[in-house]
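Next come the chains, spelled out residue by residue.
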Amino acid sequence: MTESGLKLLLEKQQSLLKEFLDFSQRQFAEIDSVGLDNLLSQKDKCFEDLQKVDSLLEKWHQRYNRPFKADEKKIDQLIQDLMEQILLSEKEFEKIVGLEKNAVSLEINQLG
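Predicted, not measured: the structure shown is a model, and the values here were computed from it.

Caption draft 1: The arrangement of the packing of aromatic side chains in detail. Under the definition given, this model contains three aromatic pairs. Seen in terms of ring centroids, Phe20 and Phe47 are 6.2 Å apart; in terms of plane orientation they differ by 50 degrees. Their pairing is tilted. Here Phe47 lies in helix α2 (residues 33-64) and Phe20 lies in helix α1 (residues 5-29), a separation of 27 residues in the sequence. Seen from their ring centres, Trp60 and Tyr64 are 5.1 Å apart, and the 40 degrees between their planes marks the pair as tilted. Pair noted here: Trp60 and Tyr64 are both in helix α2, with a separation of four residues, about one helical turn. On the accessibility criterion, Trp60 (0% relative accessible area) is buried.

So, in structure tokens, the structure goes:
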């Protein structure tokens, strides 16, 4: 791990977050349960990769403890924007899943 490696780590994190956002947005359109399971599995793998990169970034910051350079700041801002988009997408998905669960519960109650 070198001081100049920060930009590479940030770029890797950005790439993984783009991939994660794509999975997050695609889960809305997936209607097949097998397809959704596969998508969620890929999303979990992507999350694990993000955790590894995050760990490396933490180690980098502990070792070099310096402010971002201009190009690193730009990437970091893009990362923050992606994280915000992911958070919104995930909250929306949770809301939709919650509504579907409520609808199923109502249907079950009507049957009983």
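Caption draft 2: Focus on α2. The end-to-end C-alpha distance of α2 is 46 Å, a good match for the 46 Å that 32 residues give at a rise of 1.5 Å each. For α2, the set of buried residues is Gly35, Leu39, Lys43, Cys46, Asp49, Leu50, Val53, Leu57 and Trp60.

Caption draft 3: Local environment of unusual backbone geometry. Residues other than glycine seldom take positive phi values, yet Asn65 does so here, at roughly 35 degrees. Within the secondary structure, Asn65 sits in the loop between α2 and α3 (70-111). Asn65 sits in the exposed class, given a relative accessible area of 67%.

Caption draft 4: Geometry of the nonpolar core. Grouped together as the largest cluster of nonpolar side chains are 18 residues, with contacts concentrated most on Leu10, Leu17 and Leu57. Those elements that provide at least two residues to this core are α1, α2 and α3. Contacts of Leu17, omitting those with residues within four sequence positions, involve Leu50, Ile79, Leu82, Met83 and Ile86.

Caption draft 5: Focus on the pattern of salt bridges. Taken as a whole and judged by the stated rule, the model has seven salt bridges. Note that Arg26 and Asp22 form a salt bridge whose closest N and O atoms lie 3.3 Å from each other. Pair noted here: Arg26 and Asp22 are both in helix α1, with a separation of four residues, about one helical turn. A salt bridge links Lys45 to Asp49; the nearest nitrogen and oxygen atoms lie 2.9 Å apart. Here Lys45 pairs with Asp49, and both are found in helix α2, just four residues apart, close to one helical turn. For Lys45, a relative accessible area of 45% corresponds to the partly exposed category.

Reading guide: rules and limits
Residues numbered from 1 in each chain as written. Predicted model: local features only at pLDDT ≥ 70, side-chain atom pairs only at ≥ 80, totals over all residues. Heavy atoms only, no water. Phe/Tyr/Trp six-rings, centres within 6.5 Å; stacked < 30°, edge-to-face > 60°. Helix = DSSP H or I, 4+ residues; strand = E, 2+ residues; numbered from the N terminus. Buried < 20%, exposed > 50% of the residue type's maximum accessible area, 1.4 Å probe, protein only. Expected span 1.5 Å × (residues − 1). Core = buried A, V, L, I, M, F, W, Y, C linked by side-chain atoms within 4.5 Å. Contact = heavy atoms within 4.5 Å. Salt bridge = Lys/Arg side-chain N within 4 Å of Asp/Glu carboxyl O.

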